[in-house]
Amino acid sequence: MTDPIVTEQARTLDPVHAGESEVPPDKWAARLVLFMRAMAGLSLVKGLYHWAVVCGIDAPATVGFEGYATPYQSATVFFAVIDLVAAVGLWLAAPWGAVVWLTSVISMAAVELLFPQIYGGHLWVVGLEVLLLGTYLALALMAAREQPA
């Protein structure tokens, strides 16, 4: 004779199929990684553009990069380095990549607002940087909330 408790448990268990995940996919974490990969591409383009300026591609023909004012040179070299480092970190979805990228975003907005003589003080750049920053923070918050306690 079979035990009624054992047969009741056997009927209530759902079948397990190979290849199915026990944990549903983290949709916000996946969106965060996708956003970070997109920002990695953008940071790569920005970094390469700034390196092109440093190498004199966009400089006056007679004097090169040295012909620009010192604040412009300093900011351009800073963004050339930090954007490329951020691109690598974001592509790898490393925590330090997000920190470097956040530093770059906040720095670009600060340069445009506080030192408009360097890059021209374009308010649309500030708006775009704030929008990207807000998007990252919202995605990171939602990804953190879906993690188990």
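Reference entry: report on the structure contained in this document. (Residues numbered from 1 in each chain as written. Predicted model: local features only at pLDDT ≥ 70, side-chain atom pairs only at ≥ 80, totals over all residues. Heavy atoms only, no water.)

With that settled, the discussion passes to the nonpolar core. Counting 28 residues, the largest nonpolar core has F35, F79, W101, Y119 and Y136 as its most contacted members. Looking at this core, the elements that each hand over two or more residues are α2 (27–54), α3 (70–91), α4 (95–114), α5 (116–119) and α6 (123–145). Setting aside its immediate chain neighbours within four residues, Y119 contacts H50, Y72, A75, T76, F79, M108, V111 and E112. (Core = buried A, V, L, I, M, F, W, Y, C linked by side-chain atoms within 4.5 Å. Buried < 20%, exposed > 50% of the residue type's maximum accessible area, 1.4 Å probe, protein only. Helix = DSSP H or I, 4+ residues; strand = E, 2+ residues; numbered from the N terminus. Contact = heavy atoms within 4.5 Å.)

The next subject is the layout of surface pockets. Size it by volume and the largest pocket reaches roughly 370 Å³. Secondary-structure elements contributing two or more residues to the lining of the largest pocket are α2, α4 and α6. Split by residue class, the lining of the largest pocket holds 12 nonpolar, four polar and three charged. (1 Å grid on protein atoms, 1.4 Å probe; cavity = no way out; pocket = protein on both sides within 12 Å on 5 of 7 lines; lining within 4 Å. Points joined across faces, edges and corners; volume = space filled by probe spheres on them. Nonpolar A, V, L, I, M, F, W, Y, C, P; charged D, E, K, R; others polar.)

This paragraph deals with unusual backbone geometry. The residue A93 is not glycine, and still its phi comes out positive at about 55°. Tracing the sequence through the fold places A93 in the loop between α3 and α4.

This brings us to α4. Spanning 20 residues, α4 covers 28 Å between terminal C-alpha atoms, matching the ideal 28 Å at 1.5 Å per step. By the burial criterion, the buried members of α4 are G97, A98, V100, W101, L102, S104, V105, S107, M108, A109, V111 and E112. Buried-residue contacts for α4 involve α2, α3, α5 and α6. (Expected span 1.5 Å × (residues − 1).)

Tallied over the full model, the rule gives one salt bridge. In this structure, E129 engages K46 in a salt bridge whose closest nitrogen and oxygen atoms are separated by 3.6 Å. A residue pair is termed long-range when its members are at least 10 positions apart, and E129 in helix α6 and K46 in helix α2 qualify at 83 residues. By relative accessible area, which is 6% here, E129 ends up buried. (Salt bridge = Lys/Arg side-chain N within 4 Å of Asp/Glu carboxyl O.)

Further remarks concern the environment of L90. Looking at where L90 falls in the secondary structure, it is placed in helix α3. Residue contacts for L90: discarding those within four places in its chain leaves M36, R37, M39, A40, S43, G97, A98 and W101.

The terminal C-alpha atoms of α3, which comprises 22 residues, lie 32 Å apart, in line with the 32 Å expected from a rise of 1.5 Å per residue. Of all the residues in α3, the buried ones are Y72, Q73, A75, T76, F79, A80, I82, D83, A86, A87, G89 and L90. In the core, the buried residues of α3 are packed alongside α2, α4 and α5.

Turning to the packing of α4 against α6, a few remarks are in order. At a closest axis distance of 9 Å, the pairing of α4 and α6 adopts a crossing angle of 155°. Accordingly, the angle class assigned to the pair α4 and α6 is roughly antiparallel. Where α4 crosses over α6, the two elements pack in a sense that is left-handed. On α6, the residues that touch A98, W101, L102, V105, I106, M108, A109, E112 and L113 of α4 are L123, V125, V126, E129, L132, L133 and Y136. Partitioning the contact of α4 with α6 into residue classes produces 14 nonpolar, no polar and two charged. (Axes fitted to C-alpha atoms, helices over the stretch in contact; angles between N-to-C directions. Parallel < 35°, antiparallel > 145°, perpendicular 65-115°, else oblique. Left-handed = near helix turned anticlockwise from the far one by under 90°.)

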